[in-house]
Amino acid sequence: MSPFRWRHGAALFLLALFSTSIFSCRHDSASRVVVYCAHDQEFAAAILDDFKIQSGLDVVVRYDTEANKSVGLYEDLIREAKQPRCDVHWNNEILATIRLQQQGILQPYGSPSSAPYPALFKAKDHTWTAFAARARVLLVNTDKVKKDDYPKSLWDLTQPRWKGQIAMAKPLFGTTATQAACLFQAWGPDKASDFYRQLHANNVQLAPGNKQVAVGVGAGQFAIGLTDTDDAFDEIDVGRHVVMLFPDGDAPEGSERGVLFIPNTVAMIKGCPNPEGAKKLIDYLLSPEVETKLATSKSRQIPLNPEVKLDSLKPIETPQTVRSLPVDFVQAAESWKVSQAFLAQEFSLR
């Protein structure tokens with residue numbers, strides 16, 4: 001065989017091999033959806049399994065850790081921006097999602113399933129939609145705290161009587177960090193900083209995550225814990241001597257105080273491997289079916305779709321039954337760096 005014919009044949013072989021590889025990669029991407037999920041695996045897994053059955057698509061899920069909740073996946077999405085691996089980001093809070101939006105990481109998609117949701121829970125550029133909220137609550141150990149002494153406000157936690165008896169998760173991660181940024185926005189940085197200084201001076205105990213806070217209260221390690229409704233319900237459901245309180249829920253109209261409700265969010269990643277599959281999953285997650293499943297699960301997520309009407313959520317409160325913290329989530333996302341820098345210094349955290 002002449003050198004020319006050999007080189008020509010080799011070139012054709014390599015071209016065919018390359019084309020086959022490209023086709024194979026595209027085929028693999030089209031048959032699966034990659035999800036980065038900060039929502040608790042025990043609640044998200046069943047939802048994603050149902051989608052897999054209904055859609056016929058394989059679902060590859062990467063979950064976050066409890067101690068590094070929502071932050072780890074956020075940082076990975078930033079690092080992977082030029083070569084995205086993720087199709088859909090299911091976040092368990094909203095501020096990191098807004099920061100991803102502001103950095104151009106998210107792909108606009110106006111899902112038909114998002115139509116019923118109020119404008120407050122949808123990005124104006126259609127890059128994300130919020131659904132299935134949790135509330136920031138106080139879990140109180142009833143063996144340690146008498147009913148007449150139950151705290152009614154977040155500010156009650158700064159009273160000397162609770163010194164060393166209160167717990168919260170490290171405020172650089174998850175919904176604890178989200179709450180801080182929201183308070184910085186709703187109260188102003190001076191008042192919010194003063195609150196956390198007083199909390200620190202009152203020897204608040206820091207736990208790795210909200211789950212550990214709730215478990216500690218249920219076990220009697222702490223008298224009061226700042227946590228989320230889903231973690232509080234875990235302790236209530238197993239019969240611990242605890243009660244869940246919605247701090248500042250009775251604040252008067254026009255007050256800067258109120259209960260913070262933090263929604264989940266769902267978004268498609270810009271330049272993702274399987275945009276069509278991503279759209280199908282987003283449509284599914286925003287459906288009344290999924291919000292109903294999340295609301296009636298052990299986590300008791302609070303539906304935001306007005307088409308979901310349930311009367312079995314008690315003793316949970318909703319934005320319709322208690323005063324909500326008057327927070328602007330977009331502005332709170334802009335307060336993130338300020339609140340994080342303050343908390344890292346105040347609590348000597350990295």
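Conventions used here
Chains are numbered independently. Their residues run from 1 in the order of the written sequence. The predicted nature of this model means local features are confined to residues of pLDDT at least 70 and side-chain atom pairs, given and counted, to a pLDDT of 80 or more, with totals for whole chains, interfaces and linings taken over all residues. Excluded from the side-chain calculation are hydrogens and water; included are all heavy atoms of the structure. What pLDDT reports is the predictor's confidence in each residue, on a scale of 0 through 100. Residues count as neighbours in contact if any of their non-hydrogen atoms are within 4.5 Å of one another. Between the rings of Phe, Tyr and Trp (Trp by its six-membered ring), a pair exists once the centres lie within 6.5 Å; its type follows the angle of the planes, with under 30 degrees stacked, over 60 edge-to-face, and the other angles tilted. Whether a charge lies above a ring is judged from NZ of Lys or CZ of Arg, which has to be within 6 Å of the ring centre and within 35 degrees of the ring normal. By salt bridge we mean one thing: a side-chain nitrogen of Lys or Arg within 4 Å of a carboxyl oxygen of Asp or Glu. Helix and strand labels come from DSSP, where a helix needs a run of H or I of at least four residues and a strand needs a run of E of at least two; each type is numbered from the N terminus. Burial status follows relative accessibility: with a 1.4 Å probe on protein chains alone, a residue under 20% of its type maximum counts as buried, one over 50% as exposed, and anything between as partly exposed. Arc definition: directions from the helix axis to the C-beta atoms.

This part covers the confidence of the model for the chain. Summary statistics for the chain give a mean pLDDT of 90 and a share of 89% for residues scoring 70 or more. Contacts for the low-pLDDT stretch residues 2-27, under 50 throughout, to residues beyond four places or in other chains number one contact.

Moving on: the packing of aromatic side chains. Under the criterion given, the structure shown has seven aromatic pairs. One aromatic cluster is present, built from ring pairs that chain together Trp155, Trp187, Phe195 and Tyr196. Over the ring of Tyr36 we find Arg62, and its NZ or CZ is 5.4 Å from the ring centre. The ring centre of Phe233 lies 4.1 Å from the NZ or CZ of Arg300, which sits over that ring.

For the rest of this paragraph, the subject is the pattern of salt bridges. Inspection of every chain in the model, using the stated rule, returns 16 salt bridges. Among the ionic pairs, Asp228 bridges to Arg134, the shortest N-O distance being 3.2 Å. Here the residue Asp228 occupies a position in strand S8 (residues 224-228), and Arg134 occupies one in strand S5 (residues 129-141), the gap between them amounting to 94 residues. As far as the burial class goes, Asp228 and Arg134 line up, both buried. Arg300 is the partner of Asp237 in a salt bridge, and the nearest nitrogen-oxygen pair spans 2.9 Å. One end of the pair, Asp237, is in helix H8 (residues 229-237); the other, Arg300, is in the loop between helix H10 (288-296) and helix H11 (329-334), with 63 residues separating them in the sequence. In this structure, a network of salt bridges that share partners links the residues Arg134, Arg136, Asp228 and Asp230.

Every buried residue belonging to helix H9 (residues 275-285) is among Gly277, Ala278, Leu281, Ile282, Tyr284 and Leu285, and all of these are buried. Looking down the long axis of H9, one finds its buried residues gathered within 160° of arc, a one-sided arrangement. In this structure, the buried side of H9 is in contact with strand S1 (32-37), helix H2 (41-55), strand S3 (88-91), S5, strand S10 (261-269) and H10.

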